[in-house]
Amino acid sequence: MVQVVDRVGALLRAFSDMEPELTLGECAERSGLSKSSAHRLLAALAEIGLVERLQNSSWRIGGFVVQLAAIRLSHVNLRGEVAGQLRALGLRFQAATAFSVPNGSDMIYIDRTDSPLPFAPNARLGSTAPMWAGAAGRAVLSALDPDSRAARLSTASWETLPDKVKASVRRDIEEASVRGYAVDRGQFFEGVAGVAVAVCRRGEPVAALSLILSPDRLTPSLIKEMSEALLDLANRASAASHLPVAGAHRVRLGDGLERQPRLLTGPTHDPSSHLR
């Protein structure tokens, strides 16, 4: 039993932020297992959601690991420090809120609050979206170096987008990297727009803070107010948890700290609506 646990541990440790997706051969090589042993363990782990097999036959960490991480994150200062204050911003701007983390090429939403307005867009706890599709993911992408950004965008869903749309998304990401926040005007999810800021640890984006509302409310003045409030919150969270904010408004503290879209939107009473 101990030997099996050790092998599972070695297999899961083969994945990293730099290599979130691995082929069977890479899994075997990095874990020190034979291909047959690695395949048997991966198949067993996939049954309980610890890993997932992708359409290109490569593997990545599964959604259940992210759920376990969300439990663990409930005791981490960053999320605990942000939750109440992000909720207060939602009430101030009459918007839904979301705290999300990158998972491979997706964002997963691990904390959220509803908009106080009826029939307003919201995000569903545990839902995922491609990084390119919303403000949270674009904020995270804007904090990555060009090579890492390209790797996160190297997905089947991204490649199916028209060149013109991909160029537009890239421009949005570049603009976000300069100003420190990302804006989603509802390009991919009807009725859902928002503003998001990435928070980094040791130069890597680890989370995004979002305010979500309907596109018709997203005026230039409101974007300015919301972005300033989110950046201020992210800075204060950084001061409390020793994490820097991504982008142009990043603060430096101490030494060295600086699936296809399924976010179908709808009114708050619609159980199929998802969070962004």
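Rules of the game
Residues numbered from 1 in each chain as written. Predicted model: local features only at pLDDT ≥ 70, side-chain atom pairs only at ≥ 80, totals over all residues. Heavy atoms only, no water. Helix = DSSP H or I, 4+ residues; strand = E, 2+ residues; numbered from the N terminus. Buried < 20%, exposed > 50% of the residue type's maximum accessible area, 1.4 Å probe, protein only. Pairing = 2+ DSSP bridges. Core = buried A, V, L, I, M, F, W, Y, C linked by side-chain atoms within 4.5 Å.

Helices and strands together make up the secondary structure of the chain, namely 10 helices and nine strands. Residues counted as buried form 49% of the 276 residues belonging to the chain.

Here the focus is the pairing of strand β4 (residues 96-103). Counting buried positions along β4 yields seven of eight residues, so the element is predominantly enclosed. Examined bridge by bridge, β4 and strand β9 (residues 204-213) share five bridges and lie antiparallel to one another. Following the sheet pairing, Phe99 is matched in β9 by Leu209. Of the pairings in the sheet, the one linking β4 to strand β5 (residues 106-113) comprises seven bridges and is antiparallel in character. Residue Thr97 lies in a different strand from β5, and its bridge partner there is Thr113. In textbook terms, the turn of a hairpin is the stretch between consecutive antiparallel strands, and for β4 and β5 this stretch comprises two residues, one of which, Gly104, has a positive phi near 65°.

With that settled, the discussion passes to the nonpolar core. Core analysis: the largest hydrophobic core is formed by 29 residues, its most contacted members being Leu89, Phe93, Val195, Leu209, Leu218, Met226 and Leu230. Contributions of two or more residues to this core are made by α5 (77-93), β4, β5, β8 (193-201), β9 and α10 (220-241). The greatest single-element share of this core, amounting to eight residues, is contributed by α10. Ranked by size, the runner-up nonpolar core spans 27 residues in total, among them Ile173, Ala176, Phe189 and Ile212.

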